[in-house]
Every structure is written in structure tokens, then in C-alpha cells.
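# Descriptive structure summary
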Amino acid sequence: MSRCVKAHKRPKDQNLFAIVQGGLQEELRKTCAQEMVKRDLPGYAIGGLSGGEDKNQFWRIISLCTDHLPKHKPRYAMGIGYATDLVVCSALGVDMYDCVYPTRTA
């Protein structure tokens, strides 16, 4: 991530978000989030979830990530498009989403 920050040449035009990874492993997620926050970026993404996980596990990981990311910066959950997930993840502190699901089912 440090190389990305150093190479980022258009901070006035583009935002660079760090992606928190770690699958369903809570300690990896915590460590990743803590390391990404040290970079003080404009926002943070939550990645590495496929949507096929058990909903309780999925929401627990989203909650864990949002708990370790700054509240005053955007928190973006990658690949989330089911209506229920949008509502629950919003309640857990996620601000932005994207997903191919709505386009594929339109």
C-alpha cells in the first residue's frame, strides 16, 4: 500500500482507498485494518467477501471492519448488492457499495 500512496499523483482528482482483506479470519482483518488506517487515506474499502458466506459470519466481519476503520472517512463494501445486505451493512457503518448483481438481474 505504501508504494501505491507514493505513486498516487492526482490526489485532488482521485481518492485512493485501502482495501481491508482477511477473509473470515478476525485477527487478519483487525491487523489489516489497523495497518491500512496508519496510511491516513481518504477512505477504506472492505474486500474479500464473496456474498456466499453465512450471513451471520458475513455481517460479523463487516461489523469488525467498520469498528476498526475511521468513522469520519468513507467506508466502502465491495461487491454487496442484495437489498438486505445493503440495509444491514448501512446500519453497521458502511457508506458506499458496488455490485454486479443489480445489473445482471435487471
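Our structure is the block above this text.
Our subject in this report is the structure included herewith. Values in this document were obtained by computation on a predicted structure and should not be read as measured data.

Quick notes on the rules
Residues numbered from 1 in each chain as written. Predicted model: local features only at pLDDT ≥ 70, side-chain atom pairs only at ≥ 80, totals over all residues. Heavy atoms only, no water. Helix = DSSP H or I, 4+ residues; strand = E, 2+ residues; numbered from the N terminus. Core = buried A, V, L, I, M, F, W, Y, C linked by side-chain atoms within 4.5 Å. Buried < 20%, exposed > 50% of the residue type's maximum accessible area, 1.4 Å probe, protein only. Contact = heavy atoms within 4.5 Å. Polar contact = N/O pair within 3.5 Å; in protein donor to acceptor, adjacent residues only side chain to side chain. Pairing = 2+ DSSP bridges. Right-handed = clockwise from strand over helix to strand, strands pointing away.

Here we take up unusual backbone geometry. Backbone phi values are negative for most residues with the exception of glycine, while trans is the configuration of most peptide bonds. A positive phi angle, close to 50°, is found at Asp-40, a residue other than glycine. Turning to its location among the elements, Asp-40 is positioned in the loop between helix 2 (26-37) and strand 2 (43-46).

This part covers the nonpolar core. Among the nonpolar cores identified, the biggest contains 20 residues, and Ile-46 and Ile-62 are the most heavily contacted of them. Only strand 1 (17-20), helix 2, strand 2 and helix 3 (55-68) provide two or more residues apiece to this core. Residue contributions to this core peak at 5 residues, all from helix 3. Excluding its chain neighbours within four sequence positions, the residues that come into contact with Ile-46 are Val-20, Arg-29, Ile-62, Cys-65, Thr-66, Leu-69, Tyr-76, Ala-77, Met-78 and Val-94.

Our focus in this paragraph is the side chain of Lys-73. Mapped onto the fold, Lys-73 is located in the loop between helix 3 and strand 3 (75-78). At a separation of 2.7 Å, a polar atom in the side chain of Lys-73 contacts the main-chain carbonyl oxygen of Leu-41. Aside from chain neighbours lying at most four places away, what touches Lys-73 is Asp-40, Leu-41, Pro-42, Gly-43, Tyr-44 and Asp-95.

This next bit is on the pairing of strand 2. Of the two faces of strand 2, the one carrying Gly-43 and Ala-45 and the one carrying Tyr-44 and Ile-46 are both buried. Relative to strand 2, strand 1 is paired through 4 bridges, and the arrangement is parallel. Residue Val-20 lies in a different strand from strand 2, and its bridge partner there is Ile-46. What joins strand 1 to strand 2 is helix 2, and the crossover it makes is right-handed. As judged from the 3 bridges shared by strand 2 and strand 3, these two strands associate in the parallel manner. Following the sheet pairing, Ala-45 is matched in strand 3 by Tyr-76. Traced from strand 2 through helix 3 to strand 3, the parallel crossover comes out right-handed.

This is a description of form; function is not addressed.
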